[in-house]
Amino acid sequence: MPERCPLISRALGGAAASAAILLAATACSPVVSIENADVPQWQATALPSDSRAVLEDSGKILNRDRIIPAAASVPAGDYTLTITCDGGGKAFFTVMLAGKELTEAGAACNGSRETATITVPKAGRMEISAASVDAPLLYAYHLVPAP
């Protein structure tokens, strides 16, 4: 049986071949793993440092262990905690003052930024821990005085 429209058949065949080549090239593109990610480079765009920060940290959560950075003495007052993470899933940040939990905040690890307002009732040693059951992922946060 003769082909009705050879031009359309050739065009569709060419498009299919182009799509196959594009898919193959994409599949071979290297994907940067969380384990090999450059945290400072990621943080520079995800959540740049803030000169007003009284406490900040960034890093990798590679397993389900909670990460607790060095603590800082924070004066009483109102603060804004800005958090972000990347890699899929969700990260949780627990804010502790003198060993007692003030609040917990969470962020979807899709590169968006989340904020929480925190009232520190008295000056004291503050820790902010990061954890996730969806490891591995990248995280960053900073705590700045509220305007």
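Residues numbered from 1 in each chain as written. Predicted model: local features only at pLDDT ≥ 70, side-chain atom pairs only at ≥ 80, totals over all residues. Heavy atoms only, no water.

(A) Just the overall build of the protein chain, in detail. A count of helices and strands for the protein chain gives 2 helices and 6 strands. From first element to last, N terminus to C terminus, the protein chain shows the α and β order α-α-β-β-β-β-β-β. Sorting the 147 residues of the protein chain into buried and exposed places 33% on the buried side. Restricting the contact set of the protein chain to residue pairs at least 6 apart, pairs at least 24 apart contribute 75%. (Helix = DSSP H or I, 4+ residues; strand = E, 2+ residues; numbered from the N terminus. Buried < 20%, exposed > 50% of the residue type's maximum accessible area, 1.4 Å probe, protein only. Contact = heavy atoms within 4.5 Å.)

(B) A look at unusual backbone geometry. Of the consecutive residues A135 and P136, the connecting peptide bond is found in the cis state with omega at 5°. Considering the arrangement of structural elements, one finds P136 in the loop between β5 (124–131) and β6 (137–145).

(C) Geometry of the confidence of the model for the protein chain. Looking at the protein chain as a whole, the pLDDT averages 84, with 78% of positions reaching at least 70. Per-residue pLDDT stays below 50 along residues 17–31; that stretch engages in 0 contacts with residues further than four places along the chain or on separate chains. (pLDDT = per-residue confidence, 0-100.)

(D) Expanded view of the nonpolar core. One finds L81, F93, M126, I128, Y139 and L143 to be the most contacted residues of the largest nonpolar core, which totals 25 residues. Of all elements in the fold, only β1 (55–61), β2 (72–74), β3 (77–97), β4 (100–120), β5 and β6 reach the threshold of two or more residues within this core. No other element matches the 8 residues that β3 contributes to this core. If we ignore the near neighbours within four places in the chain, the residues touching L81 are V95, A105, E114, T115, A116, I118, I128, Y141, H142 and L143. One finds A37, V39, W42 and L138 within the second-largest nonpolar core, a separate group that totals 8 residues. (Core = buried A, V, L, I, M, F, W, Y, C linked by side-chain atoms within 4.5 Å.)

(E) Region of interest: the pairing of β6. Along β6, 8 of the 9 residues are buried, which leaves the element largely enclosed by surrounding structure. The pairing of β1 with β6 spans 7 bridges and is antiparallel. Within the sheet, the bridge partner assigned to E56 lies in β6 and is H142. The sheet contact formed by β3 and β6 spans 8 bridges and is antiparallel. Considered in β6, the bridge of T82 is made with H142. (Pairing = 2+ DSSP bridges.)

(F) Local environment of the pattern of salt bridges. Under the definition given, this model contains 2 salt bridges. Two residues, R125 and E127, come together in a salt bridge whose shortest N-O distance is 3.5 Å. Under the relative-accessibility criterion, R125 is labelled exposed at 51%. What makes E127 partly exposed here is its relative accessible area of 23%. (Salt bridge = Lys/Arg side-chain N within 4 Å of Asp/Glu carboxyl O.)

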